[in-house]
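# Structural features, examined
Chain by chain, the residues run as shown.
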Amino acid sequence: MALNIVLLGPPGAGKGTQAERLAARLNVPRISTGDLLREAVALGTPLGSLVRAVMARGGLVSDDLMIEVVRERLERPDAAAGFVLDGFPRTVTQAKALEALVAGRGPLTVIEIRVPEQELARRLGARLVCGACGVNAAPEAAGEARCLRCGGELVQRADDNAEVVRERLQVFARDTQPLVEYYRSRSRHREVNGAGTPDDVFADLAEAVAEAGR
Ligand code: AMP
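On to the environment of Leu26, then. Among the structural elements, Leu26 can be located in helix H1 (residues 15-26). Since its relative accessible area comes to 14%, Leu26 is described here as buried. C-alpha separation for the pair Leu26 and Phe83, spaced 57 residues apart in sequence, amounts to 8.7 Å.

Turning our eyes to something else, we now look at helix H5 (residues 92-101). An α-helix turns once per 3.6 residues; consequently, residues spaced three or four apart project the same way. Residues of H5 that are buried: Gln94, Ala95, Ala97 and Leu98. The arc that holds the buried residues of H5, viewed along the axis, is 165°, so those residues lie on one side. Buried residues belonging to H5 abut strand S1 (4-8), helix H4 (63-75), strand S3 (83-86), strand S4 (108-114) and helix H7 (162-184).

Of note, the bond from Phe88 into Pro89 is cis; its omega dihedral lies within 30 degrees of zero at 0°. With respect to the helices and strands, the residue Pro89 is situated in the loop between S3 and H5.

Look at helix H6 (residues 117-126) against H7: their axes get within 10 Å of each other, and the N-to-C directions meet at 140°. The angle between H6 and H7 falls in the class oblique. Considering the relative orientation of H6 and H7, their crossing is right-handed. Within the contact between the two elements, H6 uses Glu117, Leu120, Ala121 and Leu124 and H7 uses Val165, Arg168 and Leu169.

Across the sheet, which stays open at both edges, the 5 strands sit in the order S2-S3-S1-S4-S7 with parallel pairing between neighbours. The two strands at the open ends of the sheet, each matched to only one other strand, are strand S2 (30-32) and strand S7 (189-193). Neighbouring strand axes in the sheet, compared pairwise and without regard to direction, differ in orientation by 25° on average. Against the sheet, H1 contacts S1, S2, S3 and S4, and its axis sits at roughly 165° relative to S1. Across the sheet, H7 lies against S1, S4 and S7, angled at about 130° from S4, the strand it touches most.

On to the pairing of S3. Of the two faces of S3, the one holding Phe83 and Leu85 and the one holding Val84 and Asp86 are both buried throughout. Bridge count between S2 and S3: 3 bridges; the pairing is parallel. Within S3, the residue paired with Ser32 across the bridge is Asp86.

Criteria and cut-off values
Residues numbered from 1 in each chain as written. Predicted model: local features only at pLDDT ≥ 70, side-chain atom pairs only at ≥ 80, totals over all residues. Heavy atoms only, no water. Helix = DSSP H or I, 4+ residues; strand = E, 2+ residues; numbered from the N terminus. Buried < 20%, exposed > 50% of the residue type's maximum accessible area, 1.4 Å probe, protein only. Arc of directions from axis to C-beta. Contact = heavy atoms within 4.5 Å. Axes fitted to C-alpha atoms, helices over the stretch in contact; angles between N-to-C directions. Parallel < 35°, antiparallel > 145°, perpendicular 65-115°, else oblique. Left-handed = near helix turned anticlockwise from the far one by under 90°. Pairing = 2+ DSSP bridges.

Below, the structure written as C-alpha cells:
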C-alpha cells in the first residue's frame, strides 16, 4: 500500500479527522501544516510571529515558508516510512516542491475529499476545538463543554468565524482548486465523497488508498 499520502479538500471537508484515522491505521505520522503553524503561534516562535496575521485573516502563508516547514518535518525519522499530509500542498508551486521533496521515497497518492460548499460553511461554523490541546471535538462530544481527550475547554477556532470562513473558502477556490485540477490529471488520484458520516468517509478513504496502491 502506498504510504505517501496527501489529503486534498476545502476547509471543513474533514481532512483533519480523516488524516488522523488514516495515519493511525497506516502507522505513519499525520502532518498537518495548520497544526504546525498554530503550535508555532501558540509558542510565540519566530515562525509563529511571521504567520499569525495571515492565518487570522484566512490567507495563505507564503509558499517559500511553507515548503521549508514541510521540508524540515519530512526529514524527521518518523516520516521515513510515509506520511499523511493534511493541508499541504495548497498551491501548484507547493505541489511541485513536494514532488522534489519526496523524490526517491516512492509514489505520492492524492485523495481528494469532496463536500458541497453549503455543507462546508455549516460545518466550520459549528466546529469546536479544544482550547488546550487543539484537537477537533469529536461528534460524540456534541453538547459537551470539555475535550474528551484532555478535559480542556471547547472553543471555536479563531479562523472559524463567518467572515474568515468566507475568505478561506474563496482562497481555496482561487489558489487550491487549480491544484486539484493539476492532480486530477495524474494517475494516483482518487476522489472520496466527504458528505457522509466520519465512519462512512473513512471506509471509502481506506478503500481508495488501497486501490491506489494496487
Ligand atoms: P488549516 O488548519 O489546514 O485550515 O490551516 C489553517 C491556516 O494555516 C490556513 O488558513 C493558512 O493561513 C495556514 N496554512 C496551513 N497550511 C498552509 C499551506 N500549505 N499554505 C499556506 N498556508 C497554510
